[in-house]
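# Coordinates in review
So you can see what is in the structure, the chains are spelled out below.
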Amino acid sequence: MFCNFNGKIINEKNATVSVNNRSFRYGDGCFETIKVVDNKIILADYHIERLFNSLQVLQFECPSFFNAPFILNTILELVKRNQHEKLARVRLTIFRGNGGLYDAENHHPNYLIQSWPLNPENNKLNENGLVLGIFEGGFKAADTFANIKSNNYLLYSQAALHAKQQHWNDALVLK
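What counts as what
Residues numbered from 1 in each chain as written. Predicted model: local features only at pLDDT ≥ 70, side-chain atom pairs only at ≥ 80, totals over all residues. Heavy atoms only, no water. Salt bridge = Lys/Arg side-chain N within 4 Å of Asp/Glu carboxyl O. Buried < 20%, exposed > 50% of the residue type's maximum accessible area, 1.4 Å probe, protein only. Helix = DSSP H or I, 4+ residues; strand = E, 2+ residues; numbered from the N terminus. Polar contact = N/O pair within 3.5 Å; in protein donor to acceptor, adjacent residues only side chain to side chain. Contact = heavy atoms within 4.5 Å. Phe/Tyr/Trp six-rings, centres within 6.5 Å; stacked < 30°, edge-to-face > 60°. Lys NZ or Arg CZ within 6 Å of the ring centre and 35° of its normal. Expected span 1.5 Å × (residues − 1). Arc of directions from axis to C-beta. Pairing = 2+ DSSP bridges. Axes fitted to C-alpha atoms, helices over the stretch in contact; angles between N-to-C directions.

The subject of this paragraph is the pattern of salt bridges. Using the criterion set out here, one finds 5 salt bridges in the structure. Between Arg22 and Asp28 there is a salt bridge, with the nearest N and O atoms lying 2.7 Å from each other. The residues Arg22 and Asp28 share a single accessibility class, namely buried. Among the salt bridges present, the one from Arg96 reaches Asp28, with a minimum N-O distance of 2.7 Å.

Along the chain, Asn110 turns up in strand β6 (residues 110-117). A distance of 3.0 Å separates the side chain of Asn110 from the side chain of Asn6, its partner in a polar contact. Apart from the residues lying within four places of it in its own chain, the contact partners of Asn110 are Asn6, Thr93, Ile94, Phe95, Arg96 and Gly97.

A few words now on the packing of aromatic side chains. Counted under the stated rule, the structure contains 9 aromatic pairs. Consider the rings of Phe52 and Phe66, whose centres lie 6.3 Å apart with planes at 65°: the pair is edge-to-face. Pair noted here: Phe52 is in helix α2 (residues 44-57) and Phe66 is in the loop between α2 and α3 (68-81), with a separation of 14 residues, a long-range link. What makes Phe66 buried here is its relative accessible area of 5%. The rings of Phe52, Phe65, Phe66, Phe70 and Tyr111 are connected pair by pair, giving a single aromatic cluster. The lysine or arginine in question, Arg81, covers the ring of Phe2, its NZ or CZ lying 4.2 Å from the ring centre. Here the guanidinium or amino end of Arg96 rests over the ring plane of Phe60, the centre of that ring lying 4.2 Å away.

With that out of the way, let us pick up α3. Given a rise of 1.5 Å per residue, 14 residues ought to cover 20 Å, and the 20 Å separating the end C-alpha atoms of α3 matches this to within 8%. Of all the residues in α3, the buried ones are Ile71, Thr74, Ile75, Leu78 and Val79. Seen from one end, α3 has its buried residues packed into an arc of 135°, which puts them on one side. Looking at the buried positions of α3, the neighbouring elements they touch are β1 (2-5), β3 (29-37), β4 (40-41), α2, β5 (87-95) and β6. In this structure Asn67 caps α3, since a side-chain oxygen of it lies 3.0 Å from the backbone nitrogen of Phe70. Gln83 occupies a position one or two residues after α3 and carries a positive phi of about 60°.

Before going further, it helps to examine the sheet that holds β5. Within the open sheet, the 6 strands sit side by side as β2-β1-β6-β5-β3-β4. Their pairing is antiparallel. Sheet topology places β2 (8-11) and β4 at the edges, where each strand pairs with a single neighbour. Of the strand pairs in this sheet, β3 and β5 are connected by 9 bridges, and their pairing is antiparallel. By the bridge assignment for β5, Phe31 is matched with Thr93. Packing of α2 onto the sheet brings it into contact with β3, β4 and β5, and relative to β3 it is tilted by some 175°.

Treat this as a map of the structure, not an account of what it does.
Below, the structure is given as structure tokens:
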């Protein structure tokens, strides 16, 4: 499998980040999980709008080339390279790069794009319904950052672990 790391398509096994990476240290960044069907990005406008709103709130300084067409084309190039055009899950991760808490090297977006094939059977309407539960181990904040899918996704990863332990399809997180 290949990924796109800051414009270079490389084998995923060769992708590395520095131990000084602010996303690794502080969750400084955001992500979008995107579905591709028949080489079309589903809800592309919605994903792009949320992404750029998030980048603005997180105070990234985007170069002029880093725009919607660039991102969408780069995603489709990677999906094609991985031969996932028919049905895929794509994760676009944006992160600030290296630096300490108060001294980022710069505020330009670094990015990592990954894709995985999806099973066509999982793309059908679930006629059996869902088993849901409420995750009581934490609550979603209602602040400036509430609508950002930040790289600090701890609450949701813990809710997913709890759902799996309880044999639920998913867990709801409350405010």
